[in-house]
Amino acid sequence: MKLLSQLVVLTLFLTATLSEARTFEEIKKDGKFIVATEGGFPPFNFYQGPKLTGFEVEIAEALAKKMGVKIEWRALAFDALLAGLRQDRWDMVIASFGITPQRSKAVSFTDPHYCSGGVVVAKDPAVRTAQDLSGKVVAVQTGTTYLESVQKLPGVKEVKNFPKDTDARAALMSGRVDAWVTDKFVAKAALESGASAGLKLGDFVFIEQIAPAVKKGNTSLVEAINKALQEIMADGTYEAISKKYLKEDVRCR
Ligand code: ARG
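So, a few notes on the structure that sits alongside this text. (Residues numbered from 1 in each chain as written. Predicted model: local features only at pLDDT ≥ 70, side-chain atom pairs only at ≥ 80, totals over all residues. Heavy atoms only, no water.)

All right, on to the sheet that holds strand 2 (residues 40–41) then. Here we have three strands laid out as an open sheet, ordered 2-3-4, and antiparallel in their pairing. Across the chains shown, the open sheet's two edge strands, defined by having one partner strand only, are strand 2 and strand 4 (51–53). Here strand 2 pairs with strand 3 (residues 45–48) via two bridges, running antiparallel. Note that in strand 3 the partner of Phe41 across the bridge is Asn45. (Pairing = 2+ DSSP bridges. Helix = DSSP H or I, 4+ residues; strand = E, 2+ residues; numbered from the N terminus.)

Put into structure tokens, the structure is as follows:
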């Protein structure tokens, strides 16, 4: 009995780890491109009522159009997204993931769809730079490059983690933390929305290239996405979507 259950576990493990990601040809034949995002990171990916929208949602739709496939969206917690690629639960993730050496070991990134970085947001106008975070309590979203970069700063009093970036912002609003580190455009949108009265936009803590990710080694899909990305960057589609959500063209230069 024990041996049997061990065999079952082993079989499940092997099918999960050895199963191949769908190649672009297979996705194209099926017609359905399964894309996962978070839906909690405005203006990049968020809900407008029941509707998933944002810069990354429209960019992915434009890529799919060029690739000749239809997206079936999945929305999940940020820290579940990359693991789902390994388990073949979806074909692509687009959720503002910065390209890092550590993530690159686990997934394959395509070319970046935008360049940005983490900025300091605080109520106190004297808290603007990475150095100013010394002695401060800082809120960041769990699993992000903001967490990683703030942890490396000397003298930070405490880093508080929140599964959702909007909760990190709420912690700053209610005065439970001294600063919030998030994407520059997320910070700008929050400040402009009026929902964040009294918050001040500070400087970059670091900059990063942000890209869609697919299962590690799925080269046919990486190539198809890169080709579609080049096309929408050349024909004005990218620029229009970027200006609609971010008021400027955020492609990496
Ligand atoms: N750019 C940051 C990172 O790479 C944050 C991404 C957060 N994305 C999100 N959908 N909440 O970790």
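For the structure on display, the rule yields 14 salt bridges. Notably, a salt bridge pairs Glu58 with Lys244, separated by 2.5 Å at the nearest N-O pair. A residue pair is termed long-range when its members are at least 10 positions apart, and Glu58 in helix 3 (residues 55–67) and Lys244 in helix 10 (residues 237–246) qualify at 186 residues. Residue class for Glu58 comes out partly exposed when judged on its relative accessible area of 24%. For Lys244, a relative accessible area of 54% corresponds to the exposed category. The network of salt bridges with shared partners includes Arg22, Asp30 and Asp91. (Salt bridge = Lys/Arg side-chain N within 4 Å of Asp/Glu carboxyl O. Buried < 20%, exposed > 50% of the residue type's maximum accessible area, 1.4 Å probe, protein only.)

As far as function goes, none of this settles anything; it's purely spatial.
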